[in-house]
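Residue strings, one per chain:
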Amino acid sequence: MASSSRLEILNDGGLRHDARRPYELRSMSFHLSPHPTADGSATVTQGLTTVSVSVFGPREPRQRSSSSHDRAVIAVEVGVAPWAGTGAQRRARGDKRLAEVGASIRQTFEPVVMTHLYPRSELFINVQVVSADGGILPTAINATTLALVDAGIAMLDYISSVSIGLHLTQPLLDLSAPEEMDLPVLVVASLPNSGKITLAQMETRLHVDRFEEMLVLGVEACKVLKTEMEEYVKERTGKVVQRMSLAVEGAKGLQAGFIDGGR
Amino acid sequence: MAAVAVQSASSSRTHPPITILKRTREDLPLSQTKFLKKTARGKVLTFLRERYVRDDIPCGFESCRHCDAFPGHRPVLPDVGYRAHMKYTGKEGHYLVIDTNIVLHQMDLLAALPKTLPLIVPSTTIRETRHRSLPLYNRLQELVKDEDRIVWVWWNEERRETATVEEQGESINDRNDRAIRNTLIFYAAHLTISASKPPQLIMLSDDKGNRALAEAEGLLAVSAREYVDGLVPTEREKLVDLVVGGVDALGDGERRGRRIYDEYLSQDDLNAGVKSGRLHQGHFNASQYNYLEGTVRVMSLDKPVLLVGREAMNRSVDGDVVVVEIFPKSEWKAPGSEVLDQDLALKDDDADDDEDAGVTEEEKRAAAREKVEAEEAAKRKPRDVLPTGKVVGVIKRNWRAYVCHVDRSSLSAAALTSLSQQTIFATPLSRSLPRIRLRTRQAPSLIDQKILVTIDQWLPSSRYPDGHFVRALGKVESKEAEQESLLLEYEVPYRPFGKAILDCLPKEGDSWVVPPKKEGDVVWRDREDLRDLVICSIDPPGCQDIDDALHARPLPNGNIEAGVHIADVSHFVHSANPMDSEAASRGTTVYLVDKRIDMLPALLGTNLCSLRPFVERLAFSVIWELTPTGEIVNERFVKSVIASKEAFTYEAAQVRKDDKSLNDPLTMGIRLLNTLAIALKKNRIKAGALSLSSPELKIHLDSSESAEPIDVEQKQPRETNSLVEEFMLLANISVARKIQDSFPGTAVLRRHAPPPKTNFDGLNDLLLKRKGVQLDVSSNGALAKSLDECVDPANPDFNTLVRIMATRCMLSAEYFCSGSVSKDGYGHYGLASPIYTHFTSPIRRYADVLAHRQLSAAIGYSPLHPTLQSKQHVDKTLSVVNKRHRLAQMAGRASVEFYVGLALKARGAKVVASGKKRGIMEEAFVIRVFKNGMAVFISKLGLEGLITFTKSTHTFDEENYSLSLPKPEGGNVDVSVFDKVMVGVTIEKDKNTQRGKVVMRLVGPVDSDDL
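The structure presented is a predicted model; accordingly, all values stated were derived computationally and were not measured.

1. A short note on the overall build of chain B
Turning to step 1, where the next piece is worked out: Helix and strand counts for chain B stand at 26 helices and 38 strands.
Turning to step 2, where the next piece is worked out: Per-residue burial for chain B yields a buried fraction of 53% across its 1011 residues.
Turning to step 3, where the next piece is worked out: By sequence separation, contacts in chain B at least 24 residues apart represent 67% of the contacts at least 6 residues apart.
Turning to step 4, where the next piece is worked out: Accessible surface, chain B as shown: approximately 46800 Å² in total, 53% of it carbon and sulfur.

Next up, the structure:
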């Protein structure tokens, strides 16, 4: 119950309980390809929430029946590590809430991934919540985008996602778990370049007058997130390219040496 | 299935840039806080919370060059601090940094400190206060927000330099103390950047340990007492009495007093005990008649638990939530049958050293008497014996500021002129509170004053609670002081409306009018035009806030159309704005004899909302089609615009109705309403409605300026009173049905639960023994009938008296949220209606405003605000409204009582001057008899009083509620309950407290002076 909580959502100094201001997102870090066995993978940490996503495919579907002749099908599986600290009891298999997170992710990506390029195949996305402190879904979406990028799957655009809460009339960005408990939450995922929204999810009631303002703010925040993600991807790719060219040169040198040695 | 991509609207509002907070490596130790929490089931949970530290927290210093660009920076702290101190004499003055213990224990002092003294409140202090006590936190917030003061909140935990982490082996308290000391270190360094000679920083703390550590770190630290003592004399005089304790709290074992009371059990033991049913929890009620007795109503028993004696009451004060242990049945007692006045019994107690003082004579006697009585009680019928127990713990103190008088007898003769510190007693106005001991240096100036005192603590070694002086209200019996003390005593919020609230009023001010009717006007949307109807209002004389107006007209089919039009307050007061929250916390308008404390700003209450005649006003109308016998054929609710044709007083309306020569539409309307009202009343009585009685008095003021000669008379109800009442009841019932239908979970209703049958046991026994009649309490109809039969032909007032006493046996009506009570519990016992609400006085009652909003949503006029769809919210709001309503009634009654007192004084002075020493003679009824006295009720004055006998020449027959008094000429005369006696009433000034006291003497059949 919100009223019994002694947590102050927004204090008189305009600071949230973790000393952020309303429009500040939590500290964020990305990691590409943490799982070499997957075709693409990424780990995203936002505040104390960490989600790791692995992408397998495009590959032959495990079940023939679920395939489609003209496009790839996306399958999403979500798991929560027992130590993630969601505060809830141990999740039973087939948990409805997790299934819903999975469905949301699938629906978010279906219109954006160019599935027609991979007919009769399957894209399998495995989401693992490593630690949870609010915003599991947006973090998972961000991680999935990076994992898909890592796997080299064709997409129309990045998808970035953020949660937006409302305290009285003040929207707050990127909620932590205690804030999520007390406030109405809107999760927005959008294509930052075009400003299109692929997901807007809400589980609590909200006054209709505030909705538009929050939605617009969410899209703007998604743009900020995308810039951050893109920067990271470019920097890392640059490094990889550099390493590759080094490797090529090294190989050349080695070859040359070998040839020399052979002489 | 694919999610649709939509183009989002472009943003028009500007806001600060969206950024991602980047954490640097050196912040890592400060990045998380971890804590453990125990659930109700005893499971321990670990919580991990993220935390950031910032560089953009502003310091609030006027000429700071670093912080001025940070969000939220205001130049609050002046270049030159406070200088009117004798110890800290630096040219640049000083700032005070407030420690948590100051807020927790010295809040009154803090609020009274000079306004020019700059205070820095670290966020650690605020957070700790919030955790420890919400009321104090709210007061602290008020202080911080006060624009006239120099208060700066320093978010120390959020700023990088002053953020702290709990160190290994450090307690939370130590950590918080360190955080506050860090603030001082930071400011000292920070201010030197911008100012060559910054003000000094001083930590105000009553914690000896913290001060010592601060001094070791080279910081300045001072206790509240020391600081106040060093202020310039003019300030010191004002503040010196507000300092609590005076010295640092004594450690365990340092205070070696004889223990008078038992220690309380630990909180865990109490909880476990209550849960297991071994102990019982309830509100402590001190007895009005006997200061050594109190009762606690507990859930599990249908009779209250009796507490006899100081030890059993164990430091509980009226209103506290306490836990009691019940003794074995063999030790149960009956409530004492003697009046015991604390002022008299304890007049010799010494305020200074009661720890060593023995038990007073009177108490020894009381103890001895208790023993005898306990034996007697065993012989009595089991009905009289109550479960008896003692308090073993207090769950929640309900201490507030009490209005008191200084007890003159606790001052030594020398002290009357001396300005040295001394300990005195303050006697609270309310009889159910103990005397409070306080230390003061201004005792002489406090005599003859009403003062406000709060209780700080009550130690087991101290007979009385310790308190401190808050402020003086004014001279005793001056009108202002009495009025303010009344408002304080009944917790009536009486501050003027703030700016934020007044900003919610329509911009046009009192020139606001209903706009001309045209298509598309917001005000006229869905409003019915009833301006042509012949509508009038009927109210008491001098009424300015006219809530309701009426109309009636015959219909062609023989039925009658009747309408009740209520001021459309919800048009002006919107949900969840400052005006709405203020109205919700005030709950009701409070009517005192000479003053009205409004719930809504006067512009709305007495003008824009008030249905004044001859102007157009917005209304919410309930319109019925009724048969001539008062059956509802049809009802509808509509927002409307009306123009009242006349504002009558009850009297004027009565005259108009009775004037046969008048036959205009207005008069005809009133006659029609009247015939309908008579039919409605008949139906209601048939359904079993009660007509109860409580004495209503009217005070005649000479003029509004002077409080002096006045007269008292009982209100005369007229036919038109009942006319208005019937239609209001009808409207309320109709609305209740409608909103309950539309919002079954959250409708705002009002109910009156049937009283438990046992409540009438005492009264019935009394009636049977004295008059040989009984009340049938099986249902409200039966009770109404038996009340009607309760007449004594020789004594016409007897019926009224029984009604008054029956009213006291009943429960009080209350507001509730329909979702919180099962449907059988909705009924209104007194009105014999299955459902009821309050709709008809939205200007003066907040529940009505809520009902208006719900009805407006029910007819589809406006959407229902989310708060009114939440059961918890409605419940919370209504519990406040219920409390305010109760207190407002009590305040109103007390105000009448005060004026009755004044009137008697004025009249009495004349009578005494003319040579009659006994004062005013009045007829009175005996309503209760005690072993050493009786309680009487003067119906003409609505005044209850006690008559005590000092000699014991009389005999007391408890079984038959009778006293046998010796006549001076020999023989005895019996005086019993319900008997009519003559009493003489005088107002005497209590020598100690200077408080005017109504004193009654028995004059006939015998003179009580001889008893």
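2. Topic: the pairing of strand S29 (residues 748-751) of chain B
Successive residues of a regular strand alternate their side chains across the two faces of the sheet.
All names here are of chain B.
Turning to step 1, where the next piece is worked out: What you see with S29 is no split at all: Val748 and Arg750 on one side and Leu749 and Arg751 on the other are buried throughout.
Turning to step 2, where the next piece is worked out: One ladder, built from 4 bridges, connects S29 with strand S30 (residues 814-817); its direction is antiparallel. Paired with Arg751 across the two strands is Glu814, which belongs to S30.

3. Focus: the confidence of the model for chain B
Residue and element names in this part refer to chain B.
Turning to step 1, where the next piece is worked out: Here chain B shows a mean pLDDT of 82. Residues at 70 or above account for 87%.
Turning to step 2, where the next piece is worked out: Here residues 1-12 is modelled with pLDDT under 50, and outside its nearest four sequence neighbours on either side it reaches 19 contacts, counting other chains as well.
Turning to step 3, where the next piece is worked out: pLDDT under 50 marks residues 354-358. Its contacts with residues more than four places away, or in other chains, come to 12 contacts.
Turning to step 4, where the next piece is worked out: In the predicted assembly, ipTM is 0.88 and pTM is 0.68.

4. Considerations on the pairing of strand S21 (residues 548-554) of chain B
Residue and element names in this part refer to chain B.
Turning to step 1, where the next piece is worked out: Judged by how many residues are buried, S21 sits mostly within the fold: 5 of 7 residues are covered.
Turning to step 2, where the next piece is worked out: Strand direction decides the pairing type here: S21 and strand S22 (residues 560-567), joined by 7 bridges, are antiparallel. Within S22, the residue paired with Asp548 across the bridge is Ile566.
Turning to step 3, where the next piece is worked out: From the end of S21 to the start of S22, which pair antiparallel, there are 5 residues, and Gly558 there has a positive phi angle of about 95 degrees.

5. Quick look at the pattern of salt bridges
Turning to step 1, where the next piece is worked out: One pass over the full model with this rule turns up 63 salt bridges over all chains.
Turning to step 2, where the next piece is worked out: Measuring nitrogen to oxygen at the nearest pair gives 3.3 Å for the salt bridge that ties Arg525 of chain B to Asp526 of chain B.
Turning to step 3, where the next piece is worked out: One connected set of salt bridges, linked through shared partners, spans Arg16, Asp18, Arg20 and Glu179 of chain A.

6. Some thoughts on empty space enclosed by the protein
Residue and element names in this part refer to chain B.
Turning to step 1, where the next piece is worked out: For the structure on display, the rule yields 4 cavities of 30 Å³ or more.
Turning to step 2, where the next piece is worked out: Tyr291, Met313, Ser316, Pro434 and Trp458 are the residues nearest the centre of the largest cavity, which is lined by 21 residues in total.
Turning to step 3, where the next piece is worked out: At the level of secondary structure, the elements contributing two or more residues to the lining of the largest cavity comprise strand S10 (279-286) and helix H10 (310-313).
Turning to step 4, where the next piece is worked out: Considering only residue class, the lining of the largest cavity consists of 10 nonpolar, 5 polar and 6 charged.

7. Some points on the sheet that holds strand S6 (residues 122-131) of chain A
Residues and elements named next belong to chain A.
Turning to step 1, where the next piece is worked out: Reading across from one edge, S2-S3-S4-S6-S5 is the order of the 5 strands in this open sheet, with mixed pairing throughout. A strand with exactly one partner marks an edge of an open sheet, and here the two such strands are strand S2 (28-32) and strand S5 (73-80). Adjacent strand axes in the sheet meet at a mean angle of 15 degrees, parallel and antiparallel pairs treated alike.
Turning to step 2, where the next piece is worked out: Strand direction decides the pairing type here: strand S4 (residues 49-59) and S6, joined by 8 bridges, are antiparallel. Counted as the bridge partner of Thr50 is Ser131 from S6.

The rules behind each value
Residues numbered from 1 in each chain as written. Chains lettered and ligands numbered in written order. Predicted model: local features only at pLDDT ≥ 70, side-chain atom pairs only at ≥ 80, totals over all residues. Heavy atoms only, no water. Helix = DSSP H or I, 4+ residues; strand = E, 2+ residues; numbered from the N terminus. Buried < 20%, exposed > 50% of the residue type's maximum accessible area, 1.4 Å probe, protein only. Contact = heavy atoms within 4.5 Å. Areas by Shrake-Rupley, 256 points an atom, 1.4 Å probe, with all protein chains shown as cover. Pairing = 2+ DSSP bridges. pLDDT = per-residue confidence, 0-100. Salt bridge = Lys/Arg side-chain N within 4 Å of Asp/Glu carboxyl O. 1 Å grid on protein atoms, 1.4 Å probe; cavity = no way out; pocket = protein on both sides within 12 Å on 5 of 7 lines; lining within 4 Å. Points joined across faces, edges and corners; volume = space filled by probe spheres on them. Nonpolar A, V, L, I, M, F, W, Y, C, P; charged D, E, K, R; others polar. Axes fitted to C-alpha atoms, helices over the stretch in contact; angles between N-to-C directions.

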